[in-house]
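Chain residues, written in single-letter form:
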Amino acid sequence: MLDYLVFIGRFQPFHLGHLQVVKAALERAGKLIVICGSARQARNPRNPWTVPEREAMLRSALPAEMQDRVFVVGCSDRMYNDQQWVTEVQSLVDKVIAVDNASLGSREAQFKVGIVGSSRSKHTYYLDLFPQWLRVEVPEMIGIHASQVRRNLFAQGGVGLCADKLPAPVYQHLQLFRQSEIYANLEAEWCFVQDYRKAWSTCPHPPTFVTVDAVVIHSGHILLVRRKNLPGRGLWALPGGFINQDELVKDAVIRELREETRLKVPAPVLAGSIRSSRVFDHPHRSLRGRTITHAFLIELTPTGEGLPKVRGGDDADRAKWVPLFEFNRMEAELFEDHFYIVNWFLGQI
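So, a few notes on the structure that sits alongside this text. (Residues numbered from 1 in each chain as written. Predicted model: local features only at pLDDT ≥ 70, side-chain atom pairs only at ≥ 80, totals over all residues. Heavy atoms only, no water.)

### Thoughts on the overall build of the protein chain
Then, number 1: The helix and strand inventory of the protein chain stands at 11 helices and 12 strands.
Then, number 2: Taking 349 residues into account, the globule formula puts the C-alpha radius of gyration at 20 Å, and the protein chain, at 23 Å, falls close to it.
Then, number 3: The C-alpha extent of the protein chain, read off along each of the three principal axes, is 65 × 55 × 35 Å.
Then, number 4: Long-range pairs, those at least 24 residues apart, make up 70% of the contacts in the protein chain between residues at least 6 apart in sequence.
Then, number 5: Put simply, the protein chain shows about 17500 Å² of open surface, and 52% of that area lies on carbon and sulfur atoms. (Helix = DSSP H or I, 4+ residues; strand = E, 2+ residues; numbered from the N terminus. Rg over C-alpha atoms; globule rule 2.2 N^0.38 Å. Contact = heavy atoms within 4.5 Å. Areas by Shrake-Rupley, 256 points an atom, 1.4 Å probe, with all protein chains shown as cover.)

Below you can see the structure in the form of C-alpha cells.
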C-alpha cells in the first residue's frame, strides 16, 4: 500500500474515465494528489475551466468518504522546458505531503509515493519523467475522451453533450455552464476555429502556418498588444502575425511590430537591436492548426527619453509597455503560448 499516488491531467472536463482512475488509485494508496495542468492559461475552447472549477467538478463526483483523501493542485504547462515542469510537479507533491504531515513536526518520515497512469496512452509520455516514483498502471476507459466531450459541448450550442460520458454532477455543471457568458464567448471562438480549419480542409496536405512574434524589452518593460479579433479577442499578446509570401522572417517581425504598435523606432534600429531568435513549434500551441512561430528578442537601449510611445494598430486595439514583474503575473491573460515564449527568452538574458 502506497502512502500517496500522483495523478496528472488537464481534466477538461473531469469525466468517467478520470473517475475510474481516481477510485482505482485510492484502492492502492492512502491518499491521492491530483495535479491539474494548464493551471494558469487563459480560457479557450481547449482549456475552458479554471483549476477551482475543475476541482469542484472532481469533488462533486466523489463520495464523501473519499473527499479528505484527495488533494487538488494546479501546475503550469512550461511548454518549452520539461525540466521546469518536472521541477514544479515535484515541488507541488512535496508541499502537499509536507502540509498534510505538518503535525509530525521535526520527526523524519519516509513516504511511499507513486504515479498513476496508463503506459498504453500516447498522452502519458510524462510518466517516464518521474523514475523516483513507483508507476501504478490503471487501464484507460475505452471510448471516453475529454476532447470529444468539449466538441459536443461547443457544437450546435451543446445539444450533443452526452450524459453517459460524465459523472451526473459534472453533466449538470456543464449544463449550467452552457447558460453563462463565458460559454458564449468560448463557443464563438470554437466556431471561429472550426470555420478557419474548414477553409483549409480542401488542401492536398494539412497546412502548416508560419508566423512571427516580437519580444521587445526596454528598461525592464515588455511591449504587449491587446487582440482585437478572434481567436483570443481581448487577450494580451506579443506583437506579431503571419509572414508575407515575399519577405524574410526578420523583415516580417519588424513590419508586424510597427503595424501593431506604431512604435516610434526606425526599422534599422529595430533590426540592429535583435539579440536572439528561436522557433517555437509545439504541435498544440495554436487552436487554428499547426502554426510555427519565429520569435525574436529585441532589446532597445535606454536613451534617457523614457519608453517610446506606442498605440494599437492593425489587429491590435491597444498597445502598452508592461513592467516585467507585472508580466510574470499575467499568465492567465496571455494569448496561446506567448507567456512561455517570453519566459524562455528572459531565461537567456
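On we go from here.
### Things to note about the pairing of strand β1 (residues 2-9)
Then, number 1: The buried fraction of β1 amounts to 7 of the 8 residues, a majority that puts the element mostly inside the structure.
Then, number 2: As paired strands, β1 and strand β2 (residues 29-36) are joined by 7 bridges and run parallel to one another. Bridging across to β2, G9 finds its partner in C36.
Then, number 3: This β-α-β element, β1 to helix α1 (residues 16-28) to β2, shows right-handed connectivity.
Then, number 4: Pairing of β1 with strand β4 (residues 113-117) involves 3 bridges; the strand directions are parallel. Considered in β4, the bridge of V6 is made with I115. (Buried < 20%, exposed > 50% of the residue type's maximum accessible area, 1.4 Å probe, protein only. Pairing = 2+ DSSP bridges. Right-handed = clockwise from strand over helix to strand, strands pointing away.)

### So, the sheet that holds β1
Then, number 1: Read from one edge of the open sheet, 5 strands run β3-β2-β1-β4-β5, paired in parallel fashion. Strands with a single pairing partner mark the edges of an open sheet, and in this sheet they are β3 (70-74) and β5 (134-137). Between one strand axis and the next, the sheet turns by 30° as a mean value, whatever way the strands run.
Then, number 2: Relative to β5, β4 runs parallel, the two sharing 4 bridges. Looking at the pairing, V116 lines up with V136 of β5.
Then, number 3: In the packing of helix α2 (residues 51-61) onto the sheet, the strands contacted are β2 and β3, and the crossing angle to β3 comes to about 160°. (Axes fitted to C-alpha atoms, helices over the stretch in contact; angles between N-to-C directions.)

### Some words on the side chain of S76
Then, number 1: Within the element layout of this structure, S76 appears in the loop between β3 and α4 (82-100).
Then, number 2: Exposure remark for S76: the relative accessible area of 4% places this residue in the buried category.
Then, number 3: Among the polar contacts listed, one links the side chain of S76 to the side chain of R40, at a separation of 2.6 Å.
Then, number 4: At 3.4 Å, the side chain of S76 forms a polar contact with the side chain of E331.
Then, number 5: Residues contacting S76, with those up to four places away along its chain left out, are A39, R40, W85, E88 and E331. (Polar contact = N/O pair within 3.5 Å; in protein donor to acceptor, adjacent residues only side chain to side chain.)

### Focus: the pattern of salt bridges
Then, number 1: Evaluated as defined, the whole model comprises 13 salt bridges.
Then, number 2: R255 is the salt-bridge partner of E256, the closest N and O atoms lying 3.2 Å from each other.
Then, number 3: Classification of E256 by relative accessible area gives buried; the value is 6%.
Then, number 4: Between R255 and E259 there is a salt bridge, and its shortest N-O distance comes to 3.3 Å. Of this pair, R255 and E259 both sit in helix α8 (residues 249-261), 4 residues apart, which is roughly one turn of that helix. (Salt bridge = Lys/Arg side-chain N within 4 Å of Asp/Glu carboxyl O.)

### Here we look at a positive patch on the surface
Then, number 1: Where like charges cluster on the molecular surface, the positive patch consists of K228, R258, R262, K264 and R311.
Then, number 2: Following the sequence through the fold, K264 ends up in the loop between α8 and α9 (267-272).
Then, number 3: What makes K264 exposed here is its relative accessible area of 64%. (Patch = residues over 30% accessible without salt bridge, like charges linked within 9 Å, V, L, I, M, F, W, Y side chains within 5 Å. Lys, Arg positive; Asp, Glu negative; His and termini not counted. Charge placed at Lys NZ, Arg CZ, Asp CG, Glu CD.)

### Here's the deal with the packing of helix α5 (residues 146-154) against helix α7 (residues 181-199)
Then, number 1: The interhelical angle for the contact between α5 and α7, taken along N-to-C directions, is 105°, at an axis separation of 10 Å. What the angle tells us is that α5 and α7 run roughly perpendicular. Between α5 and α7, the contacting residues are R151, L153 and F154 on the first element and Y183, L186, E187 and W190 on the second.
Then, number 2: Across the contact of α5 with α7, the residue classes break down as 5 nonpolar, no polar and 2 charged. (Parallel < 35°, antiparallel > 145°, perpendicular 65-115°, else oblique. Nonpolar A, V, L, I, M, F, W, Y, C, P; charged D, E, K, R; others polar.)

### Describing α2
Then, number 1: Turning to α2, its buried residues are V51, R54, M57, L58 and A61. Mapping the buried residues of α2 onto a view down its axis gives an arc of 125°, with all of them on the same face.
Then, number 2: Where α2 is buried, its residues touch α1, β2, β3 and α6 (168-177). (Arc of directions from axis to C-beta.)

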